[in-house]
Amino acid sequence: MTSAEHEIVVPPEVRTLAERVFHQLQDAIVRGELAPGSKITEPGLSKAYGISRGPLREAMRRLEAHRLIERVPHVGARVVKLSMKELMELFDVREALESMAARIAAEHMTASEIAGLREVLAVHEKQADLASGEAYYQREGDLDFHYRIVLGSHNRMLMALLCDDLYYLVRMYRTQFSASGARPQKAFVEHHRIVDAIEAGDAELAELLMRRHVSASRENVMARYAASLEGRDEPDVVIGADLGS
């Protein structure tokens, strides 16, 4: 019997199920419904989502690849939980790379891509959470302002790092810890100023504005993360939105 005959072909409907479960679990982790550091088991998830182990294992492999879960020796799988130092390092990298992406985007984004950015902000402006000042939730991918900026850089290395490798981990902490005071409206205004600089082709200004924007988000996240750790072992996760991101 050849090696090809030994190959297991996963039926399309199973892949579809695994995809659905992956997105459900990803959303639960990003929103904090599965809290950072919490242990997760295949039997528990299988029962909760009513699926067999095969699709679940495929979904968990994808979550691990996206750095949202990790395997710990003698413990098993758990939702990733960054220390304060690790979180600071993550946002330092984000500030450096996203400001670079904004600078390059100002040099390479097309008129249609910039118009697309404006459309994304128009969608955000209609959100009830932003209007009330409670939140500024950005859905992933094409409806995420920062994601679109990185795509607009047309730099494949930056896209690999910021849209794949680090994206979901950054998004998790943005979503859970960035809500604070007037930050939602301020972040929205900052987004418009960044687009203005990109549209004007002012690469230096776009880079500066993005650096300041991410720095403000980092300070916000750090303060809330530190407050959530006071007197407790686990963060007091707030299921909310990408505020000030």
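Every residue gets a number counted from 1 within its own chain, in the order that chain's sequence is written. Reporting in this predicted model follows two pLDDT cut-offs: at least 70 for local features of residues, and 80 or more for side-chain atom pairs to be given and counted; totals over whole chains, interfaces and linings ignore these cut-offs and use all residues. Each side-chain value is worked out from all heavy atoms of the structure, with water and hydrogens disregarded.

> Mind showing me how you'd approach the packing of helix 8 (residues 145-152) against helix 12 (residues 203-229) here?
Each pair of packed helices can be described by the angle between their axes along with the distance between the axes. Packing of helix 8 against helix 12 brings their axes to within 14 Å, and their N-to-C directions diverge by 145°. You can see that helix 8 and helix 12 cross each other, and the crossing is left-handed. Residue-level inspection shows Phe145, His146 and Ile149 of helix 8 in contact with helix 12, the latter providing Met210, His213 and Val214. Looking at the contact of helix 8 with helix 12 residue by residue, the class counts come to four nonpolar, two polar and no charged. Each axis is a line fitted through C-alpha atoms, taken for helices only over the stretch in contact, and angles between the N-to-C directions span 0 to 180 degrees. Secondary structure elements are taken from DSSP: a helix is a run of H or I of four residues or more, a strand is a run of E of two residues or more, and numbering for both begins at the N terminus. Two helices cross in a left-handed way if the nearer one is turned anticlockwise from the farther one by less than a right angle. They cross in a right-handed way if the turn is clockwise. Should any heavy atoms of two residues lie within 4.5 Å, those residues are counted as being in contact. Here the term charged refers only to Asp, Glu, Lys and Arg, the term nonpolar to Ala, Val, Leu, Ile, Met, Phe, Trp, Tyr, Cys and Pro, and the term polar to all other amino acids, Gly among them.

> Which parts of the structure should I look at to understand the pattern of salt bridges?
One side chain can pair with another of opposite charge once the charged atoms of both are near each other. The working definition used for a salt bridge is a side-chain nitrogen of Lys or Arg within 4 Å of a carboxyl oxygen of Asp or Glu. All chains considered together, the criterion is met by 15 salt bridges. A salt bridge links glutamate 64 to arginine 71; the nearest nitrogen and oxygen atoms lie 3.3 Å apart. Judged by its relative accessible area of 33%, glutamate 64 falls in the partly exposed class. Linked by salt bridges that have partners in common, Asp92, Glu95, Arg211, Arg218 and Glu219 make up one network. Relative accessibility decides the category of a residue: with a 1.4 Å probe and only protein chains considered, values under 20% of the type maximum give buried, values over 50% give exposed, and everything between is partly exposed.

> Got a minute to help me understand the nonpolar core in this structure?
Put simply, buried Ala, Val, Leu, Ile, Met, Phe, Trp, Tyr and Cys residues joined by side-chain atoms within 4.5 Å make one nonpolar core. With 40 residues, the main nonpolar core has Leu87 and Tyr173 as its most contacted residues. Within the residue set of this core, elements represented by two or more residues are helix 2 (12-31), helix 4 (53-65), strand 3 (76-79), helix 5 (84-108), helix 8, helix 9 (156-165), helix 10 (167-177) and helix 12. Per-element tally for this core: the top contributor is helix 10, with seven residues. Among all residues touching leucine 87, those that are not within four sequence positions of it are Leu82, Tyr173, Val221, Met222 and Tyr225. With 22 residues, the next largest nonpolar core counts Ile114, Leu130, Ala197 and Ile198 among its residues.

> What should I look at first to understand the sheet that holds strand 3 in this one?
The strand order across the open sheet formed by three strands is 1-3-2, and the pairing between neighbours is antiparallel. What marks the edges here is a single partner per strand, and that holds for strand 1 (39-40) and strand 2 (69-72). Two elements, strand 1 and strand 3, share two bridges in a ladder whose sense is antiparallel. Looking at strand 3, one finds that isoleucine 40 is bridged to alanine 77. The sheet strands contacting helix 4 are strand 1, strand 2 and strand 3, and the helix crosses strand 2 at an angle near 95°. At least two bridges found by DSSP between two strands are what make those strands a pair.

> Just to check I follow, could you spell out the pairing of strand 3 for this structure?
Looking down a regular strand, the side chains alternate between one sheet face and the other. Pairing between strand 2 and strand 3: four bridges, direction antiparallel. Opposite isoleucine 69, over in strand 3, you have valine 79 as the bridge partner. Taken together, strand 2 and the strand that follows it, strand 3, pair antiparallel across an intervening segment of three residues, in which histidine 74 is found at a positive phi of about 70°.

> What's the story with the packing of helix 6 (residues 111-125) against helix 8 in this structure? I'm lost.
At a minimum axis distance of 10 Å, the contact between helix 6 and helix 8 shows a crossing angle of 175°. Classified by the angle their axes make, helix 6 and helix 8 are roughly antiparallel. In this structure, helix 6 contributes Gly116, Leu117, Val120, Leu121 and His124 to the contact, and helix 8 contributes Phe145, Arg148 and Ile149. Looking at side-chain class alone, the contact of helix 6 with helix 8 contains five nonpolar, two polar and one charged residues. Should an angle fall under 35 degrees it is called roughly parallel, over 145 degrees roughly antiparallel, and 65 to 115 degrees roughly perpendicular, with every other angle called oblique.

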